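Examining the three-dimensional arrangement
Below are the chains, spelled out letter by letter.
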Amino acid sequence: MPAILFVCLGNICRSPLAEGVFRHQVQTARLAHRFTIDSAGCGGWHAGELPDKRSVAVAQAHGIDISDQRARQIHLDDFDRFDLILGLDRDNVRHLTAMQPQGSQAKVALYLEEALGTAKNVPDPYYGGTADFEAVYHLCEKAGAGLLKALTNA
Ligand code: 4NP
């Protein structure tokens, strides 16, 4: 049963969407019992906050409710609790790799590379507009489907 953690910078824009979309895909496939899914931020500035309103809105527009999520910062324990820790961009992956404790068996990878074989970032939409959040949503949808397929050999 894989435990998967999605990590971006603030855990309010991208990784809440990655978590919410993947959770929805797993539930639709009736595989929720087989996965642990969570998200976190490299930084803790937004800890305890709801996802960004624009992420909540784009998810809602696609029938997914992410308003129950609360931001948190990645913690060293996460490297023991999760099998797969997916950075949404390369800076996130660098941060994760640097903090991974010796002996941790978790695989740290770039999300789109792991899911789709495309070594690209999910761009930070924080200073962008609605179209940027929509683009993040669609990347998460494609990547989530690819990840689920890869993990279930479907
Ligand atoms: P996220 O977006 O990493 O996708 O959650 C950001 C959220 C907050 C900030 C930057 C990016 N910030 O600078 O506070």
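This next bit is on the site of the ligand. In the vicinity of the ligand, the contacting residues are Cys8, Leu9, Gly10, Asn11, Ile12, Cys13, Arg14, His46, Asp124 and Tyr126. A distance of 2.9 Å separates an oxygen atom of the ligand from a polar atom in the backbone of leucine 9. Between the ligand and isoleucine 12 there is a distance of 3.0 Å, counted from an oxygen atom to a backbone nitrogen or oxygen. About the coverage of the ligand: the protein hides 89% of its 350 Å² of free accessible area. Of the pockets mapped on this structure, the ligand occupies the largest pocket. In terms of residue class, the shell around the ligand is made up of five nonpolar, three polar and two charged.

Here the focus is the pattern of salt bridges. A full pass over the atoms with the stated rule returns eight salt bridges. Two residues, arginine 14 and aspartate 89, come together in a salt bridge whose shortest N-O distance is 2.9 Å. Note that arginine 14 is positioned in helix H1 (residues 14–28) and aspartate 89 in the loop between strand E3 (84–87) and helix H4 (90–99), a separation of 75 residues in sequence. Its relative accessible area of 2% is what places arginine 14 among the buried residues. Owing to a relative accessible area of 11%, aspartate 89 belongs among the buried residues under this scheme. Ionic pairing is found between lysine 107 and glutamate 114, a salt bridge with its closest N-O pair at 3.1 Å. Here lysine 107 falls in the partly exposed class, since its relative accessible area comes to 44%. Among the charged side chains, a salt-bridge network with shared partners connects Asp38, Arg72, Asp78 and Arg81.

Counting 34 residues, the largest nonpolar core has Phe6, Phe22, Tyr111 and Leu147 as the members making the most contacts within it. Only strand E1 (3–8), H1, helix H2 (53–61), E3, helix H5 (111–116) and helix H6 (130–152) provide two or more residues apiece to this core. The biggest single contributor to this core is H6, with seven residues. Apart from residues no more than four positions distant in its own chain, tyrosine 111 is found in contact with Phe6, Ala18, Leu86, Gly87, Leu88, Cys140, Ala143, Gly144 and Leu147. One finds Ala3, Val93, Val108 and Leu110 within the second-largest nonpolar core, a separate group that totals 14 residues.

This part takes up the layout of surface pockets. Empty space within the largest pocket amounts to approximately 160 Å³. If you go around the largest pocket, the residues you meet are Cys8, Leu9, Gly10, Asn11, Ile12, Cys13, Arg14, Trp45, His46, Asp124, Tyr126 and Tyr127. A class-by-class count of the residues in the lining of the largest pocket yields seven nonpolar, three polar and two charged.

Reading guide: rules and limits
Residues numbered from 1 in each chain as written. Predicted model: local features only at pLDDT ≥ 70, side-chain atom pairs only at ≥ 80, totals over all residues. Heavy atoms only, no water. Near = heavy atom within 4 Å. Polar contact = N/O pair within 3.5 Å; in protein donor to acceptor, adjacent residues only side chain to side chain. Areas by Shrake-Rupley, 256 points an atom, 1.4 Å probe, with all protein chains shown as cover. 1 Å grid on protein atoms, 1.4 Å probe; cavity = no way out; pocket = protein on both sides within 12 Å on 5 of 7 lines; lining within 4 Å. Sits in = over half its atoms within 2 Å of the grid points. Nonpolar A, V, L, I, M, F, W, Y, C, P; charged D, E, K, R; others polar. Salt bridge = Lys/Arg side-chain N within 4 Å of Asp/Glu carboxyl O. Helix = DSSP H or I, 4+ residues; strand = E, 2+ residues; numbered from the N terminus. Buried < 20%, exposed > 50% of the residue type's maximum accessible area, 1.4 Å probe, protein only. Core = buried A, V, L, I, M, F, W, Y, C linked by side-chain atoms within 4.5 Å. Contact = heavy atoms within 4.5 Å. Points joined across faces, edges and corners; volume = space filled by probe spheres on them.

By themselves, these observations are geometric and do not establish any function.
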